[in-house]
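Each chain, written out:
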Amino acid sequence: MAGLLLGTLAALTTFAPARWLASSLASATGGRLVLDDPRGTVWSGSARLVLTGGAASQDRSALPGRMQWQLRPAWSGLRAHLSATCCTPAPLVLQAQPRWKGARITLADGQSQWPAAVLAGLGTPWNTLQPQGQLALQTQGLQADWAAGRLVLAGQARLDALAMSSRLSTLRPMGSYRLTLQGGAAPTLALQTLQGDLQLSGSGQWVGQRLRFTGEASAAPEREGALSNLLNIIGRRNGARSLISLG
């Protein structure tokens, strides 16, 4: 009987269906990340990655093609390889390590590129902005530690939003921008304009678990008419500028 039970448990563990992973991910993210049409097993499978505004939201958007994953146990925890034909030249490698009253997740250095349009699935304010363009993500030494309900970040992540446009403006593209996350005792966030008629800038810092960010947006004088609606939405108007404040 003991052998039968152990064999059954081993079989369930080895051949656990991919839908179990899909259910766990949806539950952990409040329905904002969904693995649609999962195939394979928990350990090796694929699905369509869908972003939503939450369990009660009607907003949904999916990455083109399917995302593949491979999970492997390691001495220090769990190792994952994630790849998507549309977006990852090389698989993204994550290492999850359980720790006392928490966990550590490490993302190996790498690059990926994602369609900005998928953000509209997350609901407000992205469903209003309807962004278009490419999001190029580069990470270096990025690591997140959860301990006693507190999140600590280390390393750096750089997100370049390239050739961006929005349904709120006839100007296409509006510009390209860079968002830089720098880990440390008090992680910081910096926004800058790389090029374009819509100028964005700002900086922020995590205080405890809360991000406090201030910035501003403005348009080149000859483009104020084309960008007026967008400036009204993304911040509080102050003459030709739009002031952005979070937290």
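Calculation notes
- Residues numbered from 1 in each chain as written.
- Predicted model: local features only at pLDDT ≥ 70, side-chain atom pairs only at ≥ 80, totals over all residues.
- Heavy atoms only, no water.
- Buried < 20%, exposed > 50% of the residue type's maximum accessible area, 1.4 Å probe, protein only.
- Helix = DSSP H or I, 4+ residues; strand = E, 2+ residues; numbered from the N terminus.
- Arc of directions from axis to C-beta.
- Contact = heavy atoms within 4.5 Å.
- Disulfide = S-S within 2.5 Å.
- Pairing = 2+ DSSP bridges.
- Salt bridge = Lys/Arg side-chain N within 4 Å of Asp/Glu carboxyl O.

1. Here's the deal with helix α4 (residues 224–234)
Here is step 1 of the chain: Three or more residues of α4 are buried, namely L227, L230 and L231. For α4, the arc enclosing every buried residue in end-on projection is 105°, short of the 170-degree limit, so these residues lie on one face. For α4, the exposed residues lying more than 90 degrees away from the buried face are G225 and N229.
Here is step 2 of the chain: On its buried face, α4 is in contact with α3 (126–129), β13 (198–207), β14 (210–219), β15 (236–238) and β16 (241–246).

2. Notes on unusual backbone geometry
Here is step 1 of the chain: Residues T124 and P125 are joined by a peptide bond in cis, for which omega reads 0°.
Here is step 2 of the chain: Along the chain, the position of P125 falls in the loop between β8 (110–115) and α3.
Here is step 3 of the chain: Going from R172 to P173, the amide bond is cis rather than trans, its omega being -10°.
Here is step 4 of the chain: Relative to the helices and strands, P173 resides in the loop between β10 (150–165) and β11 (175–182).
Here is step 5 of the chain: Of note, Q130 is a non-glycine position whose phi angle comes to about 45°, a positive value.
Here is step 6 of the chain: Of the residues examined, Q130 reaches a relative accessible area of 27% and is grouped as partly exposed.

3. A word on the state of the cysteines
Here is step 1 of the chain: Enumeration over the complete set of coordinates arrives at one disulfide.
Here is step 2 of the chain: Across a sulfur-sulfur distance of 2.2 Å, C86 and C87 are joined as a disulfide pair. Taking the sign of the torsion about the S-S bond as the criterion, the disulfide between C86 and C87, at about -85°, is left-handed.
Here is step 3 of the chain: We classify C87 as buried; its relative accessible area is 3%.

4. A short note on the side chain of S46
Here is step 1 of the chain: One can find S46 in strand β2 (residues 44–52).
Here is step 2 of the chain: With near-sequence residues (within four places) excluded, S46 lies in contact with D37, P38, R39, R66, M67, Q68 and W69.

5. Section: the pairing of β10
Here is step 1 of the chain: Pairing analysis gives 13 bridges linking strand β9 (residues 132–147) to β10, with the strands arranged antiparallel. Within the sheet, the bridge partner assigned to A144 lies in β10 and is L153.
Here is step 2 of the chain: Sheet topology note: the β10/β11 ladder contains seven bridges and is antiparallel. Paired with A157 across the strands is L181, a residue of β11.

6. Points about the pattern of salt bridges
Here is step 1 of the chain: Per the counting criterion, the structure on display carries nine salt bridges.
Here is step 2 of the chain: The salt bridge involving D145 is made with R104; its shortest N-O contact spans 2.8 Å. With D145 in strand β9 and R104 in strand β7 (residues 102–107), this residue pair connects regions lying 41 residues apart in the sequence.
Here is step 3 of the chain: The class of D145 is buried, set by a relative accessible area of 15%.
Here is step 4 of the chain: Of the residues examined, R104 reaches a relative accessible area of 22% and is grouped as partly exposed.
Here is step 5 of the chain: A salt bridge links R223 to D197; its shortest N-O distance comes to 3.4 Å. A residue pair is termed long-range when its members are at least 10 positions apart, and R223 in the loop between β14 and α4 and D197 in the loop between β12 (188–196) and β13 qualify at 26 residues.
Here is step 6 of the chain: When salt bridges that share partners are traced, they join D37, R39 and R66 into one network.

Honestly, that's just the spatial picture; any functional story needs more than this.
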